[in-house]
Amino acid sequence: MVEIELDGQKVQCREGSMVMHAAEQAGTYIPHFCYHKKLSIAANCRMCLVDIEKAPKPMPACATPVTQGMIVRTKSDKAIKAQQGVMEFLLINHPLDCPICDQGGECQLQDLAVGYGDSSSRYKEEKRVVFRKDVGPLISMEEMSRCIQCTRCVRFGQEIAGVMELGMIHRGEHSEITTFVGNTVDSELSGNMIDICPVGALTSKPFRYQARTWELSRRKSVSPHDSTGANLVVQVKNGKVLRVLPLENEDVNECWIADRDRFSYEAVNSEDRLTKPMLKQGGQWREVDWTTALEYVANGLKGVKNDHGAAAIGALATEHSTVEELYLLGQLVRGLGSENVDTRLRNAEFTAGQGARWLGLPIAALSTLDAALVVGSFLRKDHPLFASRLRQAARKGAAISAIGATTDDWLIPLAQRVTVAPSAWAQALADVAVAVGEAKGVAAPAQGNATQAAQAIAQSLIDGTHKAVLLGNAAAQHPNASGLQALAQWIAEQTGATLGFLGESANTVGAQLVGAQPGQGGLNAGEMLNGQALKAVLLLGVEPAFDTANPTAARAAIHGAQMVVSLSPFKNSATDLADVILPIAPFTETSGTFVNAEGRVQSFHGVTKPLGDARPAWKVLRVLGTMLDLPGFNADTSEQVKGQALGDLSTIPSRLSNQTSAAATVNASTGGLERIAEVPIYSADALVRRSPALQATADAAAPVASLPQALWAELGLAEGAQGAQVKVSQDGGSAVLNAVLDASLPANVVRVPTGHPLTASLGAAFGTVRVEKA
């Protein structure tokens, strides 16, 4: 530690830190534009010039290291005049369009110009003009003349998002920020550039000209998408959500959010919103009141129970539902005498663990890992903020390794990558286990070969101090998920690493904690959706064509039910399958709780009133339980339901466990072509599927069939062929898709995404497929 004097105050700070850090520590504000606490130091705006004793000229506070006994003055005449001079230069070319700028009212330049700018300009020449750029549907670069070249957006792309999509060209007065030869900005974290831009150069395209910042009320909320549980500020005008921004929480999402957290609010205002209960009569949908709809459901459930027994009733829900909703759904089904309730809609194997599966370590600890092995994950698209954390760890020297079926660029320098067919993932883990066993002098739990890559992965885990073995969505949903978990558990135990599950959705952990899984004798989601003769099905937020492991089989099973009840915010969620659709409120219109991947319980309130006659799902389930005369449905608030569902929150850590007693099995290859199916980032849930801005991005493009080199040649497709189409057949269904060559795929793997209308006719996400030229 060194001690400096800052404006007459003694301040102690770490050696090597900058004057700006010392000022922050002391609570002294130094004006700045280019400095950001999460980004590297550029020192190119010069707004933070301060007076340092014995220095010949004002020095930039963000780039001047502290030294013992340094005397700094931030409010002296020398410092103020330097800052005023910089402000005059910044305003020379800045357009005078504050009244129509979306940044107006929350603009750093506007605020500092009041304190450090002059009332008039001495500059009489014409201002320069920078032409607009079209960089995609999310970020507006219409008025780049406002840019002050702070390069925050450039550094964010390089350091946080991992890809330099924006850069600066030319020099001096001609400098401008642009993309490379007209490319669009396609990062899944790109919206954060809007937040960190200190002026109105980068603004939100969907929010453009919608409202002024002072007209918006602000409410805290939690993202309903992935397992990060990002904290949000939802901004509302006249009862309508108009913008979503990050709420800083260093332990969860730092000061960033993914683009789906930021722009999915558009779905809340979409034309597909359901505002009244709807009942299908004579094949036609008609709107009814709540009493009629709920009586129909209650009578239907009673009828099915009386005619076919309680075991003929089942409930399926997405893990984007709140703790309260999932708990009451489970209580409703169990109150009727059935144990058929599940949220694991995309799983191919269903094994009960010893506790709720979770990340295994705090989210913030991902940034400080020395070594990590990620198995079966489309990390960058499945978990954008986790990927960012691991990216920071890799920048500090962490050895990140991966086992999977694709070579997607995670924008992370990987130490090792093993790319094999899904059926060979267990064997790849067994190889790592053998390498660990050889290094530690113990017997591995399964046979394998200590390949060079396996030895390198094993050594990185053995050598590291902070290390983790992380199982991704595809590993958790794998047909041999228990075998993968057992092998990963053994490797973690032998190397002293933490075993963790990245978690699919906002409430994957919460769903396990509240028992939204079948009890003794109950059917799991796979059994309910693959031919078991359910007579009554309750769907909570589920769209069977997109949310299930095998859409074709799921739709067939649900279609055979006597009564199908869909609780959804949207009209088209299950109109062809349901008999009644009950309009429930999305996360912006209800209160509730999510439990994120690290087991953190985060509650939130609704930010607007429910649209039309929509109602919070927990209230709908509570009333339905009361109509069925079931006990335990008398809670008046979501807080009371949360108390019933989670009990003593201090006991939650003891209820989390990634331990398994399953055998470390290594299945033989299935033979033939294997499918690997990711869920595209903007097809993962009902909200992102209905956001126009997200659906216009490159990540929402129509799915294609990616073929390995050998299959490409076997089908006689020419190198670099454009517009080639193939017919992909699986489990009796088929789809005609555009084909692309992916030479990095294993020879027996075909990549076909799931969760999209074009591929909904195919079978399971894992399994054999047949490909022929269309």
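From a predicted model like this one, the values you see are computed outputs, not experimental measurements.

A. Just the sheet that holds strand β21 (residues 467–471), in detail. Read from one edge of the open sheet, five strands run β20-β19-β18-β21-β22, paired in parallel fashion. With one partner strand each, in any of the chains shown, β20 (414–419) and β22 (498–501) form the two edges of the open sheet. On average, each strand axis in the sheet is inclined to that of its neighbour by 15°, with strand direction left out of account. Here β21 pairs with β22 via four bridges, running parallel. Bridge pairing in β22 places L471 opposite F501. In the packing of helix α11 (residues 425–440) onto the sheet, contacts are made with β18 (371–375), β19 (399–404) and β20, and the angle to β19 comes to roughly 140°.

B. Main features of the UniProt feature "domain: 4Fe-4S Mo/W bis-MGD-type" (unreviewed entry) in the chain. Mapped onto this structure's residue numbering, the UniProt feature "domain: 4Fe-4S Mo/W bis-MGD-type" (unreviewed entry) falls at residues 216–272. Along residues 216–272 the backbone is 9% helical and 35% strand, and the end-to-end C-alpha distance reaches 25 Å.

C. Layout of unusual backbone geometry. Unlike most non-glycine residues, D7 shows phi in positive territory, near 50°. Residue placement: D7 occurs in the loop between β1 (2–6) and β2 (9–13). For D7, a relative accessible area of 34% gives the class partly exposed.

D. Examining the pairing of strand β15 (residues 284–287) more closely. Where strand β14 (residues 278–281) and β15 come together, four bridges link them in antiparallel fashion. Within the sheet, the bridge partner assigned to M278 lies in β15 and is E287. Connecting the antiparallel pair β14 and β15 is a turn made up of two residues, with G282 showing a positive phi of about 60°.

E. Structural detail: the packing of helix α8 (residues 323–335) against helix α19 (residues 617–627). In contact at an axis separation of 9 Å, α8 and α19 are set at 20° when each is read in the N-to-C sense. With respect to α19, the element α8 is oriented roughly parallel. Of the two possible hands of crossing, α8 and α19 adopt the one that is left-handed. Between α8 and α19, the residues in contact are E324, E325, L328, L329 and L332 and A617, W618, L621, R622, L624 and G625, respectively.

F. Quick look at the sheet that holds strand β12 (residues 231–237). Spatial ordering of the open sheet is given by β11-β12-β13, a layout of three strands whose pairing is antiparallel. Every interior strand has two partners, whereas the edge strands, β11 (217–222) and β13 (240–246), have only one. The average undirected angle you get between the axes of adjacent strands in this sheet is 30°. The sheet contact formed by β12 and β13 spans six bridges and is antiparallel. Paired with K237 across the bridge in β13 is K240.

G. Examining empty space enclosed by the protein more closely. Counted by the stated rule, this structure contains eight cavities of 30 Å³ or more. When its volume is computed, the largest cavity comes out at roughly 320 Å³. Lining of the largest cavity is provided by 24 residues; of these, T318, H320, S321, G541 and P569 occupy positions nearest its centre. Residue classes in the lining of the largest cavity are distributed as 13 nonpolar, seven polar and four charged. Residues from two domains meet in the lining of the largest cavity; each of domain 3 (278–350 + 515–655) and domain 5 (674–773) gives at least three. In this structure, the second largest cavity spans a volume of roughly 270 Å³. Of all the secondary-structure elements, those providing two or more residues to the lining of the second largest cavity are α9 (379–382) and α13 (473–476). Considering only residue class, the lining of the second largest cavity consists of eleven nonpolar, seven polar and eight charged.

H. Structural context of the UniProt feature "domain: 4Fe-4S His(Cys)3-ligated-type" (unreviewed entry) in the chain. Sites flagged by UniProt as "domain: 4Fe-4S His(Cys)3-ligated-type" (unreviewed entry) map to residues 78–117. Split by type, residues 78–117 is 60% helix and 0% strand. Its first and last C-alpha atoms lie 16 Å apart.

I. Quick peek at the environment of Q485. Tracing the backbone shows Q485 in helix α14 (residues 481–495). As for Q485 and A663, which are separated by 178 residues in sequence, their C-alpha atoms are 9.2 Å apart. When sequence neighbours within four positions are dropped, the list of residues in contact with Q485 reads R357, L471, L499, F501, N658, Q659 and T660. At a separation of 3.0 Å, a polar atom in the side chain of Q485 contacts the side chain of R357.

J. Layout of the domain arrangement of the chain. When cut into domains, the chain gives domain 1 (2–92), domain 2 (93–205), domain 3 (278–350 + 515–655), domain 4 (363–502) and domain 5 (674–773). Here the C-alpha centre of domain 3 lies 57 Å away from the C-alpha centre of domain 1.

K. A look at the packing of aromatic side chains. Under the definition given, this model contains three aromatic pairs. Taking 6.4 Å as the distance between ring centres and 85° as the angle between the ring planes, the aromatic pair formed by W425 and F766 counts as edge-to-face. With W425 in helix α11 and F766 in the loop between β32 (749–751) and β33 (767–773), this pair connects stretches of sequence that are 341 residues apart. Over the ring of F207 we find R243, and its NZ or CZ is 4.4 Å from the ring centre.

L. Representation of the packing of α11 against helix α12 (residues 452–463). Where α11 meets α12, the axes come as close as 8 Å, and the angle between the chain directions of the two elements is 60°. Relative to α12, the element α11 is oriented oblique. Considering how the two elements wind past one another, α11 and α12 form a crossing that is right-handed. Within the contact between the two elements, α11 uses D431, V432, A435, V436, E438, A439 and K440 and α12 uses A454, Q455, I457, A458 and I462. Looking at side-chain class alone, the contact of α11 with α12 contains eight nonpolar, one polar and three charged residues.

M. Seen up close, the side chain of N473. In this fold, N473 is placed in helix α13. Exposure remark for N473: the relative accessible area of 11% places this residue in the buried category. Once residues lying within four places of it in the same chain are set aside, the contact partners of N473 are G376, D382, H383, G503 and E504.

N. Representation of the nonpolar core within the structure. Of all hydrophobic cores here, the largest spans 73 residues; its most connected members are F33, I139, F156, L166 and L202. Mapped onto this core, the elements with two or more residues apiece are α2 (77–92), α3 (108–116), β7 (139–141), α4 (152–161), α5 (192–196), β12, β13 and α22 (692–695). Looking at this core, the element that brings in the most residues is α4, giving five residues. In terms of nonpolar packing, the next biggest core, distinct from the first, is built from 53 residues, W358, L621, L628 and A635 among them.

O. Representation of the state of the cysteines in the model. Summed over the entire model, instances satisfying the criterion amount to zero disulfides. Note on C48: no disulfide assigned, nearest cysteine sulfur contributed by C62 at a separation of 3.8 Å. Taking the relative accessible area as the measure of exposure, C48 reaches 2% and is therefore buried. C153 supplies the cysteine sulfur nearest to C147, a cysteine that is in no disulfide, at a spacing of 6.5 Å.

Cut-offs and rules
Residues numbered from 1 in each chain as written. Predicted model: local features only at pLDDT ≥ 70, side-chain atom pairs only at ≥ 80, totals over all residues. Heavy atoms only, no water. Pairing = 2+ DSSP bridges. Helix = DSSP H or I, 4+ residues; strand = E, 2+ residues; numbered from the N terminus. Axes fitted to C-alpha atoms, helices over the stretch in contact; angles between N-to-C directions. Contact = heavy atoms within 4.5 Å. UniProt positions renumbered as here; feature names shortened; annotations may be inferred. Buried < 20%, exposed > 50% of the residue type's maximum accessible area, 1.4 Å probe, protein only. Parallel < 35°, antiparallel > 145°, perpendicular 65-115°, else oblique. Left-handed = near helix turned anticlockwise from the far one by under 90°. 1 Å grid on protein atoms, 1.4 Å probe; cavity = no way out; pocket = protein on both sides within 12 Å on 5 of 7 lines; lining within 4 Å. Points joined across faces, edges and corners; volume = space filled by probe spheres on them. Nonpolar A, V, L, I, M, F, W, Y, C, P; charged D, E, K, R; others polar. Domains from an automatic or database assignment. Polar contact = N/O pair within 3.5 Å; in protein donor to acceptor, adjacent residues only side chain to side chain. Phe/Tyr/Trp six-rings, centres within 6.5 Å; stacked < 30°, edge-to-face > 60°. Lys NZ or Arg CZ within 6 Å of the ring centre and 35° of its normal. Core = buried A, V, L, I, M, F, W, Y, C linked by side-chain atoms within 4.5 Å. Disulfide = S-S within 2.5 Å.

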